[in-house]
Amino acid sequence: MNQLSDRLNSLSPSATLAMSQKSSELKAQGVDVINLSVGEPDFNTPDHIKEAAKKAIDENYSRYSPVAGYPALRNAIVAKLKNENGLEYTAAQISCANGAKQSVCNTILALVNKGDEVIVPAPYWVSYPEMVKLAEGTPVIVRAGIDQDFKITPAQLEAAITPNTRALILCSPSNPTGSVYTQEELAGLAAVLAKHERVIVIADEIYEHINYIGKHQSIAQFAEIKDRVVIVNGVSKAYAMTGWRIGFIAGPEWIVKGVNKLQGQYTSGPCSVSQKAAEAAYTGTQAPVEEMRKAFERRRDLIVKLAKEIPGFEVNFPQGAFYLFPKCDSFFGKKDGDRVINNADDLAMYLLEVGHVACVGGTSFGAPECIRMSYATSDENIVEAMRRIKETLARLS
């Protein structure tokens, strides 16, 4: 009998991966598609990092690593957290995984029991609620619209906390909105969390270095809650290393030990060669990181300007990551011939099939009135994509 587990049947497929696959299928048919659906830098991994990987191969880093990662990598992460973030950790408080995605999931699985509630601010990255479901927890969605720059308030957080609340997942800079919490805003959330000792904060900071407001602010900086914060980060976005699959958590040692116990039973340590490359990323020159950040900032300015020129779009000014998340519900109910746009997912499919631009509808991000566009592509692609979008949407009436 072909029957999958109830656990798997409770999950939704990734909307971002599905749209990327649909885009690739059209490209394979010869359609000129501009892909704004992919959440990864379009740059190559910096040369000094690639050289470190080659050296690791020559030095026979080909065997199992410790489950939590090589000590040299964990110590490099400790140094990074101290030097860049002013945060004190030990190597025993670091656990490396196969990407930040696994790091988030590891933490949720290590902490959440059946019936536990996990607060997920919306818009959210598509995988957060699904990971909570995988742990048999209950996602509690707290919505923050474009009018509040997609960021929840302390009052909203306080109202969402119950005796069953186990964790808060906070992503800053945000995927899908690009919003960034300021130090003052984080302090307000920390003051609420300080009153609720059972609540753990899972702080997804994978876009830390792609911000346009200066120094990154971590919620772990607040002493009253630091022992209940798990930072999630990695090399994928800042160093253009998405395929190398190295992420990490930094947090209380008891949680790290639990994550290591879990990971030891289903993946063991991450790729040995990738770990040596990540070590070079953290200990080597940071010049390529700043070069990429500047390019993303220029592209942010470009896509915001062009999006604001499209009638019907409502656009904020993202302060980090490489996403624009325009509100597009003004198009709902409009038609192009027999084709009706009922929601953002319909609009995204319309833009793909008619305009040949791949975006992602906001339903899977907890914001069905928006669509996500990634500007991790060339200036030329951005200009042409926005021209196509403007022209295609003008057909709707």
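Being a predicted model, the structure only gives us computed values, none of them experimental.

S.K.: Let's hear about the UniProt feature "domain: Aminotransferase class I/classII large" (unreviewed entry) in the chain: which residues, and what values?
M.R.: UniProt annotation of "domain: Aminotransferase class I/classII large" (unreviewed entry) refers to residues 32-389 when read in the numbering used here. Note that residues 32-389 is 37% helix and 15% strand, and that its end C-alpha atoms are spaced 14 Å apart.

S.K.: Account for the sheet that holds strand β14 (residues 371-374), with residues named and values stated.
M.R.: Ordered in space as β9-β14-β13, the three strands form an open sheet in which the pairing is antiparallel. Two strands lie at the open edges of the sheet, namely β9 (323-324) and β13 (360-361), each paired on one side alone. In the sheet, β9 pairs with β14 via two bridges, with the strands oriented antiparallel. The partner of L324 across the bridge, within β14, is M373.

S.K.: Tell me about helix α12 (residues 344-353), and please be specific about residues and values.
M.R.: Those residues of α12 that fall on the buried side of the exposure criterion are A344, L347, A348, Y350, L351 and L352. At the N-terminal boundary of α12, the capping side chain belongs to N343, with an oxygen 3.1 Å from the backbone nitrogen of D345.

S.K.: Explain the side chain of Q102 to me, and be specific about the residues and the numbers.
M.R.: Assignment of secondary structure puts Q102 in helix α5 (residues 100-111). Since its relative accessible area comes to 11%, Q102 is described here as buried. Within the structure, the side chain of Q102 is placed 3.1 Å from the side chain of T267, a separation counted as a polar contact. Among residues more than four places away in sequence, those in contact with Q102 are A97, Q263, Y266 and T267.

S.K.: Just give me the short version of the pattern of salt bridges, but keep the residues and values in it.
M.R.: One pass over the structure, following the stated rule, counts 28 salt bridges. When the shortest N-O distance is used, the salt bridge between D42 and R299 registers 2.8 Å. Of this pair, D42 sits in the loop between β1 (34-35) and α3 (47-58) while R299 sits in helix α11 (residues 287-308), and the two are 257 residues apart along the sequence. The exposure class assigned to R299 is buried, which follows from its relative accessible area of 5%. For E353, the salt bridge identified is with R339, shortest N-O distance 2.9 Å. Taken as a pair, E353 in helix α12 and R339 in strand β11 (residues 339-340) lie far apart in primary sequence, 14 residues in all. The class of E353 is partly exposed, set by a relative accessible area of 36%. One network of salt bridges, with partners in common, ties together D32, E384, R387, R388 and E391.

S.K.: Describe helix α9 (residues 253-266), with residues and values.
M.R.: Spacing of three or four residues puts side chains on the same side of an α-helix, whose turn is 3.6 residues. Between the first and last C-alpha of α9 there are 20 Å, a value that for 14 residues agrees with the 20 Å anticipated at 1.5 Å per step. Listed as buried for α9 are I255, V256, V259 and Q263. Each buried residue of α9 lies within a common arc of 95° when the element is viewed along its axis, so the set occupies one face. Of the exposed residues in α9, those oriented more than 90 degrees away from the buried face are W254, K257, K261 and Q265. Where α9 is buried, its residues touch β2 (94-97), α5, β6 (200-204), β7 (229-234) and β8 (247-250). Of the residues flanking the end of α9, it is S268, one or two places downstream, whose phi is positive at about 65°.

S.K.: So, the sheet that holds strand β5 (residues 165-171): which residues are in play, and what are the values?
M.R.: On the basis of which strands lie adjacent, the open sheet formed by seven strands has the order β2-β8-β7-β6-β5-β3-β4 and mixed pairing. Of all strands in the sheet, those bounded by a partner on one side alone are β2 and β4 (138-143). Here the average twist between neighbouring strands, direction ignored, is 20°. As paired strands, β7 and β8 are joined by four bridges and run antiparallel to one another. By the bridge assignment for β8, I231 is matched with A250. Here α9 sits on the sheet and contacts β2, β5, β6, β7 and β8; the angle it forms with β2, its principal contact strand, is near 30°.

S.K.: Let's hear about unusual backbone geometry: which residues, and what values?
M.R.: Of note, the amide linkage connecting A122 to P123 takes the cis form, showing an omega dihedral of 10°. Note that P123 resides in the loop between β3 (117-122) and α6 (127-134). Residue P173 is bonded to the preceding S172 through a cis peptide linkage, with omega at -5°. Positive phi is not limited to glycine here, since A240 has a value of about 55°. In this structure, A240 sits in the loop between β7 and β8.

S.K.: Pulling in residues and values, what's your account of the state of the cysteines?
M.R.: One pass over the structure, following the stated rule, counts zero disulfides. The closest cysteine sulfur to the non-disulfide-bonded C105 is located on C171, 15 Å from its own sulfur. You can call C105 buried: its relative accessible area is 12%.

S.K.: Which residues make up the environment of K327, and what are the values?
M.R.: Within the element layout of this structure, K327 appears in the loop between β9 and β10 (335-336). The exposure class assigned to K327 is partly exposed, which follows from its relative accessible area of 24%. When the C-alpha atoms of K327 and F313 are compared, they prove to be 5.8 Å apart, with 14 residues separating the residues in sequence. Here K327 is in contact with I146, G312, F313, E314, E369 and C370, once residues within four sequence places are set aside.

What counts as what
Residues numbered from 1 in each chain as written. Predicted model: local features only at pLDDT ≥ 70, side-chain atom pairs only at ≥ 80, totals over all residues. Heavy atoms only, no water. UniProt positions renumbered as here; feature names shortened; annotations may be inferred. Helix = DSSP H or I, 4+ residues; strand = E, 2+ residues; numbered from the N terminus. Pairing = 2+ DSSP bridges. Buried < 20%, exposed > 50% of the residue type's maximum accessible area, 1.4 Å probe, protein only. Polar contact = N/O pair within 3.5 Å; in protein donor to acceptor, adjacent residues only side chain to side chain. Contact = heavy atoms within 4.5 Å. Salt bridge = Lys/Arg side-chain N within 4 Å of Asp/Glu carboxyl O. Expected span 1.5 Å × (residues − 1). Arc of directions from axis to C-beta. Axes fitted to C-alpha atoms, helices over the stretch in contact; angles between N-to-C directions. Disulfide = S-S within 2.5 Å.

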